[in-house]
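Listed here are the chains, written in short residue letters.
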Amino acid sequence: MQTGRYAPERRTFEVHHVVAGVAACLSPVGEVVFLPSAEVEQLLTDPSRLPAATVRELKAKHFLKSAGNTRGLDRLYASRLEAKRSIAANGPELHILVPTLQCAHSCQYCQVSRALDSDGFSLSQDQLLMACDTIMESGASTLTVEFQGGDPLNRFDLVELGIEALAHHPHRRGRAIRFVIASTLHQLTPDMCRYFAQYDVKLSTSVDGPAWLHNKNRPLASRDSYERTIEGIKLARNHLGPESVSALMTTTKASLDHPEAIVDEYVALGLREIFLRPLSHYGFARRNLPLLGYTTDAFMAFYRRALDRILWWNDRGFPIREVHASLVLNKLVSSFDAGYVDLQSPNAAGSAVLVYNYDGYVYPSDEARMLAEAGDTSFRMGLIGTPLAALTASTAAQRIAHEGSSDTDPDCKACAFKHHCAPSPVDAASTSGPSQQTANTEHCRRSKALFGEMLQRLAMAHEIGGNVQQLLEHWAAPAGQEA
């Protein structure tokens, strides 16, 4: 028992979920501990009565500090806060190149160009090379470069030009570059695969579920979108290895009643990860919301069933990870941030990520360039070729820095998750403009729902122990640091 002048002083914290007598408590820096309800009451009223081992854990996670001289703990507390903001402060590490908007699909939530032979929907070679020069101005020690679209493989010539320019750039200075191509894989050829093997290029595609659902969500005139994507996955695996392709899905209204079938499809395909993504309310998706849209509650009902199915498969010996859960768990329980841009505080758009779009402009996020397709160009940071320092000092970047701070937003200041995410000015602008309250944005509602869901599952796993607790802790580790 801790007594006398060194009795611990309680910092501000929040009790978030109580499951089977176990409470998930969040500290002022977002650290989580799980305590029996009786110990929560002691923490609230008289921390000196807590067991010594519990006091040590609570001090380590900044729930408590010792009375008297606490300069060491205060410095550690300040350092922990600073570390949580380091992703956005390190310079842009993620760079998204959109060489073309062209794609043969007719997805109702997407703003691609189906005019595959038309001009005006792709970057010029000069623009692409200028974008590569800007990427190399970043001070980040490692770089991730994603080619998105449209379908970038429709302009493989620009993809190849970009990879060569970056891989052999005079300002690379030995930095590691991770190349990712997001594609339907319909245009993938063995020659492309042999080229990608030289640079360890990873491929990302979309599989929305069983063939009938995928073909409904991502229609082609030939009605064989699913079959062609599966052929592309097989081709990539044959030439680049079984782990060369990852997949994600977009949840449409048609998806909501079929979470188990979607997860089972990923298992049947031998995919070890699934990213259960909600529909983004941007661009054409917003125009078609009466047809495509659904509430956050509806998505979370779908998500819980899908996650239960994923855990069911893991329990039966098929290891499949849900990416959204992993990212949220990482924020809650890992000491090492995975760097996911959408869950940073302050908002990391324009500081940790830049998008070089086919239209010749630079944007702070993929959502911002989609917003521009719907007519709102207020988040343009500048023309491609503008020096990086000027882009990050642009009016759009300053707006995100001002409106994307959880320190000043009244809804965020009172939120237990304020160190894990921040307001999204782009999301606010996509709904009813900058006056939109953060708590009413889709970004905020969805993020809080996901954090709450994972806290509840963590509390249940902490009480029960066993395989589920080990699995969730394994998911929380950043890639490459799993136990």
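Residues numbered from 1 in each chain as written. Predicted model: local features only at pLDDT ≥ 70, side-chain atom pairs only at ≥ 80, totals over all residues. Heavy atoms only, no water.

**Q** Which parts of the structure should I look at to understand the overall build of the protein chain?
**A** Scanning the protein chain for helices and strands turns up 21 helices and 16 strands. Among the 483 residues that make up the protein chain, the fraction classed as buried is 55%. Once local pairs closer than 6 in sequence are excluded, the contacts in the protein chain between residues at least 24 apart make up 68%. Element-wise, carbon and sulfur atoms account for 51% of the exposed surface of the protein chain, whose accessible area totals about 20500 Å². (Helix = DSSP H or I, 4+ residues; strand = E, 2+ residues; numbered from the N terminus. Buried < 20%, exposed > 50% of the residue type's maximum accessible area, 1.4 Å probe, protein only. Contact = heavy atoms within 4.5 Å. Areas by Shrake-Rupley, 256 points an atom, 1.4 Å probe, with all protein chains shown as cover.)

**Q** Help me understand the environment of G174, please; the structure alone is not making it clear to me.
**A** Along the chain, the position of G174 falls in the loop between α6 (156-167) and β8 (176-182). Sequence-wise, G174 and T142 are 32 residues apart; in three dimensions their C-alpha atoms are separated by 9.4 Å.

**Q** Would you mind going over the nonpolar core with me for this structure?
**A** Generally speaking, soluble globular proteins have nonpolar side chains that are buried together. In this structure, L188 and F196 are the most contacted members of the largest nonpolar core, which totals 96 residues. In terms of residue count, helix α13 (residues 296-315) provides more of this core than any other element does, 8 residues in total. If you look at the next biggest cluster of nonpolar residues, it comprises 19 residues, including A352, L371, F379 and V426. (Core = buried A, V, L, I, M, F, W, Y, C linked by side-chain atoms within 4.5 Å.)

**Q** Can you help me understand the confidence of the model for the protein chain in this one?
**A** Where the model shows low pLDDT, its predicted coordinates should not be examined in detail. A residue-level look at the protein chain finds 85% of positions with pLDDT of 70 or above and a mean pLDDT of 87. Confidence drops under pLDDT 50 across residues 1-6; counting only partners more than four residues distant or on other chains, this segment forms 10 contacts. This stretch, residues 112-116, has a pLDDT under 50; its non-local contacts, to residues over four places away or in other chains, come to 19 contacts. (pLDDT = per-residue confidence, 0-100.)

**Q** Explain the environment of P319 here, please?
**A** Looking at the element boundaries, P319 is found in the loop between α13 and β13 (321-322). You can call P319 partly exposed: its relative accessible area is 45%. Spatially, the C-alpha atom of P319 lies 6.3 Å from that of R272, the residues being 47 residues apart in sequence. Not counting residues within four places of it along the chain, the set of residues in contact with P319 comprises R272 and N314.

**Q** What's the story with helix α21 (residues 467-476) in this structure? I'm lost.
**A** In an α-helix, one turn spans 3.6 residues, which is why side chains three or four residues apart end up on the same side. By the burial criterion, the buried members of α21 are L471, L472, W475 and A476. When α21 is viewed along its axis, its buried side chains cluster within an angular range of 140° and face the same direction. The exposed set on the far side of α21, more than 90 degrees from its buried face, consists of N467 and Q470. The elements touched by buried residues of α21 are α13, β13, α14 (323-333) and α20 (442-464). (Arc of directions from axis to C-beta.)

**Q** Explain the layout of surface pockets to me, please; I cannot follow it from the model alone.
**A** The computed volume of the second largest pocket comes to approximately 250 Å³. Contributing to the lining of the second largest pocket are V32, V33, F34, E57, K61, V333, L458, A461, H462, Q469, L472 and E473. Elements with a contribution of two residues or more to the lining of the second largest pocket: β4 (32-36), α20 and α21. Taken together, the residues that form the lining of the second largest pocket break down as 7 nonpolar, 2 polar and 3 charged. (1 Å grid on protein atoms, 1.4 Å probe; cavity = no way out; pocket = protein on both sides within 12 Å on 5 of 7 lines; lining within 4 Å. Points joined across faces, edges and corners; volume = space filled by probe spheres on them. Nonpolar A, V, L, I, M, F, W, Y, C, P; charged D, E, K, R; others polar.)

**Q** What should I look at first to understand the packing of helix α5 (residues 125-135) against α6 in this one?
**A** Each pair of packed helices gets described by two things: the angle between the helix axes and the distance between those axes. For the pair α5 and α6, interaxial distance at closest approach is 10 Å and the crossing angle is 35°. Crossing of α5 over α6 shows right-handed handedness. Together, Q125, L128, L129, C132 and I135 of α5 and L158, L161, G162, A165 and L166 of α6 make up the contact between the two elements. Taken together, the residues of the contact of α5 with α6 break down into 8 nonpolar, 2 polar and no charged. (Axes fitted to C-alpha atoms, helices over the stretch in contact; angles between N-to-C directions. Left-handed = near helix turned anticlockwise from the far one by under 90°.)

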